[in-house]
Amino acid sequence: MEQRLSRTTLARVVLVASLACILGATLVPLGTEFQPVFVSCILCGSRGWADAVANLLLFMPLGAALAWNGRVGLRAVSYAFLLSASIELAQLIIPGRDSSLGDVTFNTLGAATGQIAALLARRWLVPDAPIASRLSLAAAALATAILSLTGALLAPAIPASTLSLWYAPNLPEMPWYHARVLTTRLGDTMVRPGVLPTRSRQLLLGGAPFSTTAIAGPPVPALGAMLVIENDSGGQLYLVGPDRDDLVLRYQTRAATWGLDQPDIRLRGAFAAVARGDTIRIDLRRHGNAWCLSLNLVQRCGLGYTVGAAWAMVLFPRHWAPWSYTLLGAMWVGGLALPIGLWARPRIESAVAVALFAGAVAVVPSLVGLAATPASEWCGAALGYAAGLALQPVLRRSLAATATGS
């Protein structure tokens, strides 16, 4: 009876926690402007798929928590639908929020997915040893595919079109950075505002050195463009500029062309000592699969996307503490390693799974254009695998107690 009570209490805690996360993520104001319009599109805007995946993941824990509390089926999914619809209506009067039919759709699909996962948990969480070891190998193979796909999605995507360079443009979605750019060099070619030489596309794709000299403008509260390279339809392909104290390099990735979010590469604190009117020299160069960024005497190499950067294609917050990005990268890789440990058994398939995943984390980055896996993400992988191993006896006891009704 005591065990049943503790399981019931835990299920209720998970339900309350999932609701708290949803309400915190959706009802907190994100700006000062109201957008009192309900948009009827399903995949909205340039990052429609990123929003869709984020909404799906946000409501999955709620669907699972409802199932663990005995609320299953169409009625439980309808609860999630009503919650999502209420949130979208509330966002009409919350500054910085926008409401859409797509949010309601993918929230509801997320809850349904969580329901299915919870109902199938007994079958796939603690299977027999032969099945578990094969699942461990399958999880390692899937993780390797995800790591490879991360590199493909974060590769630069610069279409074969006429490219144009603009200095300190006043873009509607960014604060205007009032800098005066003096000179810009791409590779060994001095370039000027306007249409760029034909070979510029290959230079950008190859990571040719890029340098510019400018007179700094006043600080900006968010990302501002010091120079932008656009295609013939006005799409931003390459942007360099300040974001508060950071120097930002942002180039269009395949992920961005497919409706996912656009992470960037940053030299933290580069503009901290720069005052309005100072002469600054910015140098960007690719070193292997990573970048070296410098602003006057501030320089750092080894910057770039790693295997743990996949989370940033769904939602990339630009003003979080630097350590949070490191933590999220480690958590992502740890999440990929957790099912390998969860299904690991003393069998050859599980041993191959561990070797495959470790080899992928070590080798895949160099093959798909990602920066070398940092120590933080290796630690995340080890902790994720260890967490999976630690969960095995816990899940066995919990499912056995549920089966006996004790």
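An account of the accompanying structure is given in this report. (Residues numbered from 1 in each chain as written. Predicted model: local features only at pLDDT ≥ 70, side-chain atom pairs only at ≥ 80, totals over all residues. Heavy atoms only, no water.)

What the six strands build is an open sheet, ordered β5-β4-β7-β12-β13-β14; its pairing is antiparallel. Looking at which strands have only one partner, the edges of the open sheet turn out to be β5 (189-191) and β14 (298-303). Strand-to-strand twist of the sheet, defined as the mean angle between neighbouring strand axes without regard to direction, takes the value 15°. Note that strand β4 (residues 180-186) and strand β7 (residues 210-215) share six bridges and pair antiparallel. Its bridge partner lying in β7, valine 181 is registered against alanine 214. (Pairing = 2+ DSSP bridges. Helix = DSSP H or I, 4+ residues; strand = E, 2+ residues; numbered from the N terminus. Axes fitted to C-alpha atoms, helices over the stretch in contact; angles between N-to-C directions.)

Take the side chain of arginine 97 next. Mapping arginine 97 onto the fold places it in the loop between α3 (74-91) and β2 (99-100). Although buried, arginine 97 forms no salt bridge, and the nearest oppositely charged side chain, aspartate 98, lies 6.8 Å from it. Other than its neighbours up to four places away in sequence, arginine 97 contacts Gly24, Ala25, Thr26, Leu27, Val28, Leu30, Gln35 and Gln91. (Buried < 20%, exposed > 50% of the residue type's maximum accessible area, 1.4 Å probe, protein only. Lys, Arg positive; Asp, Glu negative; His and termini not counted. Salt bridge = Lys/Arg side-chain N within 4 Å of Asp/Glu carboxyl O. Contact = heavy atoms within 4.5 Å.)

With that out of the way, let us pick up the state of the cysteines. Disulfides are covalent bonds that connect the sulfur atoms of two cysteines. Tallied over the entire structure, the rule returns two disulfides. Across a sulfur-sulfur distance of 1.8 Å, cysteine 41 and cysteine 44 are joined as a disulfide pair. Residues cysteine 41 and cysteine 44 are joined by a disulfide whose S-S torsion is about 120°; by sign, that bridge is right-handed. The exposure class of cysteine 41 is partly exposed, given its relative accessible area of 26%. By relative accessible area, which is 22% here, cysteine 44 ends up partly exposed. The partner cysteine of cysteine 292 in its disulfide is cysteine 301, sulfur to sulfur 2.1 Å. In this structure, the disulfide formed by cysteine 292 and cysteine 301 twists by about 115° around the S-S bond and is classed as right-handed. Disulfide partners in the protein chain, listed by the sequence order of the bonded cysteines, are 1-2, 3-4. (Disulfide = S-S within 2.5 Å.)

Glancing now at the pairing of β14. As paired strands, strand β13 (residues 290-295) and β14 are joined by four bridges and run antiparallel to one another. Its bridge partner lying in β14, leucine 295 is registered against valine 298. In this structure, the hairpin formed by β13 and β14 is closed by a connection of two residues, where asparagine 296 is found at a positive phi of approximately 55°.

Turning our attention to the pattern of salt bridges. The full count for this structure, using the stated rule, is ten salt bridges. As a salt-bridge pair, arginine 318 and aspartate 264 come within 3.5 Å of each other at their nearest N and O atoms. Of the two residues, arginine 318 is situated in the loop between β14 and α9 (322-342) and aspartate 264 in the loop between α8 (254-257) and β11 (265-267); the sequence distance between them amounts to 54 residues. The exposure class assigned to arginine 318 is partly exposed, which follows from its relative accessible area of 22%. The exposure class of aspartate 264 is buried, given its relative accessible area of 8%. If you follow the salt bridges from partner to partner, you end up with Asp243, Asp246, Asp264, Arg266, Arg268 and Arg318 in one network.

What follows concerns the environment of glutamine 236. By the element assignment, glutamine 236 lies in strand β9 (residues 236-243). Under the relative-accessibility criterion, glutamine 236 is labelled partly exposed at 22%. A sequence separation of 60 residues divides glutamine 236 from tryptophan 176, and the C-alpha atoms of the two residues are 16 Å apart. If sequence neighbours within four positions are ignored, glutamine 236 has contacts with Leu171, Glu173, Met174, Val228, Ile229, Glu230, Arg250 and Gln252. A distance of 2.7 Å separates polar atoms of two side chains, one belonging to glutamine 236 and the other to glutamate 173. Side chain to side chain, glutamine 236 and arginine 250 meet in a polar contact 3.0 Å long. (Polar contact = N/O pair within 3.5 Å; in protein donor to acceptor, adjacent residues only side chain to side chain.)

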